[in-house]
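Now for the letters of each chain:
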Amino acid sequence: MKLYFAPMEGITGRIFRNTYESVFTGQIETYFAPFISCADKKGVSRKDRRELLPQNNPGIRLIPQVLENRAEEFGYLAQALKQLGYDEINVNLGCPSKTVVSKGRGAGFLKDPEALDRFLEAAFETCEKSKQRLSIKTRLGMEETEEFERLFEIYQRYPYSELIIHPRLQRDYYKFPVRTVFFDDAWEKRKNDQVIYNGDITKCSQIAALKEKYPGMPALMIGRGFLMHPYLAQMIRESEETENSGSDQPSPEHVKKLWQFHDSLYAAYKEEMPGMKVVLFKMKELWFYLGESFPITDDEAGKRHKKALKQIRKSQRYEDFDGAVMQLRQG
Ligand SMILES: Cc1cc2nc3c(=O)[nH]c(=O)nc-3n(C[C@H](O)[C@H](O)[C@H](O)COP(=O)(O)O)c2cc1C
C-alpha cells in the first residue's frame, strides 16, 4: 500500500518535507505540496517557486496542488508548473477555511456544481494539451451529504489520475467524525481503482481494516496522523513486512526516530527562518499534533506531559521551549 503525505498549509512545506524524508527515507511514495494560487499572470510566485523547485525537493516525489476556480488562472499555473518539471497537478476542492470558501474556492467551489463542471472541463483540456495528469482532492460537499452524488457523477466523467476523497463536509471542518459511509458508496460506484481514502488515520492498526474494505486501493493519504506520530509510516511498513496487523505502541527505535525528526526540523527552521519568533511558531504548530505522542494520562508521566506541553504552548524563548522538550524527552 502506497502512503501519501497529505498537503498541510503552513506545515508540510519544503523544509518539513526534506527533513521528514531525510529521517524516514523512502517511506512516503508521494508528498502533496500545500496549495498555491495564481500570482498575477506569472503563475507561480517567487516564494512558491522556491518551495516547489525540484532541486529544492531532492529525492522526493512531489505533487503541487492548486487552489483556483477560474480556468484562465489554472492555465497559467499549469504552464508554470510544467516549466518547473511537474507532469502531475492536484486540484484542491476541500479547503474549508472561511476566507477561501467565501471566494468560491476549495470546498467553496462545491456549492456550484455547474461552474465546477465547466472549470474541470477546461482544466482537463489544458492538461491534456500540456500532457499533465490531473488529480482531484475533494470533500463531500458544503452543507449536506446529498451534494456528493452530483459531485461524484461530475468527477466520474473526467480522466482524473486519482480522486482523493476526504469524507467530510465543509461545515465539518476537521473535527466532526468522518462520514465513512459516503466514501464507501463512492468506492462501490468507482469507475476505476484510482480512488483514495483520506481522513483520520492515526494508527497502524487501522490499516489492515482499510485494506480489507477497499481492496485494490493504490494508496492511502495521511496528514495529521504523520504529525502526531512521525514514525507512523515506518510502523505501517514494518507491519506489512511482518504481515501482522501492527502494534500502535512505538518501539524505542520509533521514539528515537521521532526525536531525530524533531531535532532536525528544529535545527533546519533555525537555519532558514527569520528569527526565534517564527521558529517557535512553527515548532508549536507541530507540537499541537506531536503532543498526541505524549498522552495526558492520570499517572505521573501523564502529569509531566501535561505540564511540559503547556510550557511548550506558552514558550516565548528558546530556553523555555528547550526546557519543556527536555522534560518530554525524559519520558
Ligand atoms: C493545518 C492543516 C492544513 C491543511 N492544508 C491543506 C492544503 O493545503 N491542501 C489540502 O488539500 N488540504 C489541506 N489540509 C487537509 C489535509 O490535507 C487532510 O485532507 C485532512 O487533514 C484530513 O486528513 P488527516 O485526517 O489524515 O489529517 C490541511 C489540514 C490541516 C490540519
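Chemist: Honestly, the nonpolar core in this entry has me stumped. Any pointers?
Modeler: Core analysis: the biggest nonpolar cluster contains 81 residues, and V66, L77, L163, I222 and L232 have the highest contact counts within it. L163 has contacts with I136, Y155, Q194, V195 and I196, leaving out every residue within four places of it along the chain.

Chemist: Could you clarify how one ought to interpret the site of the ligand in this entry?
Modeler: Near the ligand lie 23 residues; those nearest to it are A6, E9, P34, G223 and R224. Counted by class, the shell around the ligand contains 10 nonpolar, nine polar and four charged residues.

Chemist: Sorry if this is basic, but what is going on with the sheet that holds strand 4 (residues 88-93) here?
Modeler: Pairing between the strands of a sheet comes from backbone hydrogen bonds, and it takes one of two forms, parallel or antiparallel. The eight strands are arranged 1-2-3-4-5-6-7-8 in a closed barrel whose pairing can be described as parallel. Taken over all neighbouring pairs, the strand axes of this sheet differ in orientation by 25° on average, direction set aside. Judged from the four bridges that link them, strand 1 (residues 2-5) and strand 8 (residues 219-222) form a sheet pairing that is parallel. By the bridge assignment for strand 8, Y4 is matched with M221.

Chemist: Even after reading the chapter, I still don't get the environment of P54, so can you show me in this structure?
Modeler: Position of P54 relative to the elements: it lies in the loop between helix 2 (46-52) and strand 3 (62-66). Classification of P54 as exposed rests on a count of 11 C-beta atoms within 10 Å. Placed 30 residues apart in sequence, P54 and L84 show a C-alpha to C-alpha distance of 7.3 Å. If sequence neighbours within four positions are ignored, P54 has contacts with L84 and G85.

Chemist: It is not clear to me how unusual backbone geometry should be interpreted in this structure. Could you clarify?
Modeler: Trans peptide bonds make up the majority, and among non-glycine residues the majority have a negative phi. The phi angle at K131 is positive, at roughly 55°, despite the residue not being glycine. Position of K131 among the secondary structure elements: in the loop between helix 5 (113-130) and strand 5 (133-138). Of note in the backbone geometry, Y173 takes a positive phi value of approximately 45° without being a glycine. Among the secondary structure elements, Y173 is positioned in the loop between strand 6 (163-165) and helix 7 (180-189).

Chemist: Help me understand the environment of V100, please; the structure alone is not making it clear to me.
Modeler: Turning to its location among the elements, V100 is positioned in helix 4 (residues 98-101). In this structure V100 comes out as buried when scored by C-beta crowding, with 22 C-beta atoms within 10 Å. The residues contacting V100, other than those within four sequence positions of it, are L67, C95, R105, G106 and G108.

Chemist: Could you clarify how one ought to interpret helix 11 (residues 252-272) in this entry?
Modeler: What sets the pattern is the α-helix's 3.6 residues per turn: residues three or four places apart point alike. Between its terminal C-alpha atoms helix 11 stretches 30 Å, which fits the 30 Å expected from 21 residues at 1.5 Å a residue. Among all positions in helix 11, only F261, H262, L265 and Y266 are buried. Down the axis, helix 11 shows its buried residues gathered within 125° of arc, on one side only. For helix 11, exposure combined with an orientation more than 90 degrees from the buried face picks out P252, E253, K256, A267 and E271. Tucked inside the fold, the buried residues of helix 11 contact helix 1 (14-23) and helix 12 (276-290).

Chemist: Mind showing me how you'd approach the domain arrangement of the chain here?
Modeler: Where interface size is quoted, it is often the accessible area lost as the parts come together. Looking at the chain, the domain boundaries give domain 1 (2-242) and domain 2 (252-329). Placing a centre on the C-alpha atoms of domain 1 and another on those of domain 2 gives a separation of 28 Å. Contact with domain 1, which involves 17 residues of that partner, is made by 16 residues of domain 2. Going through the elements one at a time, helix 1, helix 9 (224-228) and helix 10 (232-242) are the ones with two or more residues in the side of domain 1 that touches domain 2. Partitioning the side of domain 1 that touches domain 2 into residue classes produces 11 nonpolar, five polar and one charged.

Chemist: Explanation requested: the pairing of strand 7 (residues 195-198) in the structure shown.
Modeler: Within a regular strand, the side chains alternate between the two sheet faces. Here strand 7 shows two buried faces, one formed by V195 and Y197 and the other by I196 and N198. Bridge analysis of strand 6 against strand 7 gives three bridges, and the strand direction is parallel. Bridging across to strand 7, I165 finds its partner in Y197. Taking the sense of rotation as the criterion, the β-α-β connection linking strand 6, helix 7 and strand 7 turns out right-handed. Two elements, strand 7 and strand 8, share two bridges in a ladder whose sense is parallel. Bridged to Y197 within strand 8 is L220. One crossover worth recording links strand 7 to the parallel strand 8 by way of helix 8 (residues 207-213), and it is right-handed.

Thresholds applied
Residues numbered from 1 in each chain as written. Predicted model: local features only at pLDDT ≥ 70, side-chain atom pairs only at ≥ 80, totals over all residues. Core = buried A, V, L, I, M, F, W, Y, C linked by C-beta atoms within 7 Å. Buried ≥ 20, exposed ≤ 12 C-beta atoms within 10 Å, placed from the backbone. Contact = placed C-beta atoms within 7 Å. Near = placed C-beta within 6 Å. Nonpolar A, V, L, I, M, F, W, Y, C, P; charged D, E, K, R; others polar. Pairing = 2+ DSSP bridges. Helix = DSSP H or I, 4+ residues; strand = E, 2+ residues; numbered from the N terminus. Axes fitted to C-alpha atoms, helices over the stretch in contact; angles between N-to-C directions. Expected span 1.5 Å × (residues − 1). Arc of directions from axis to C-beta. Domains from an automatic or database assignment. Right-handed = clockwise from strand over helix to strand, strands pointing away.

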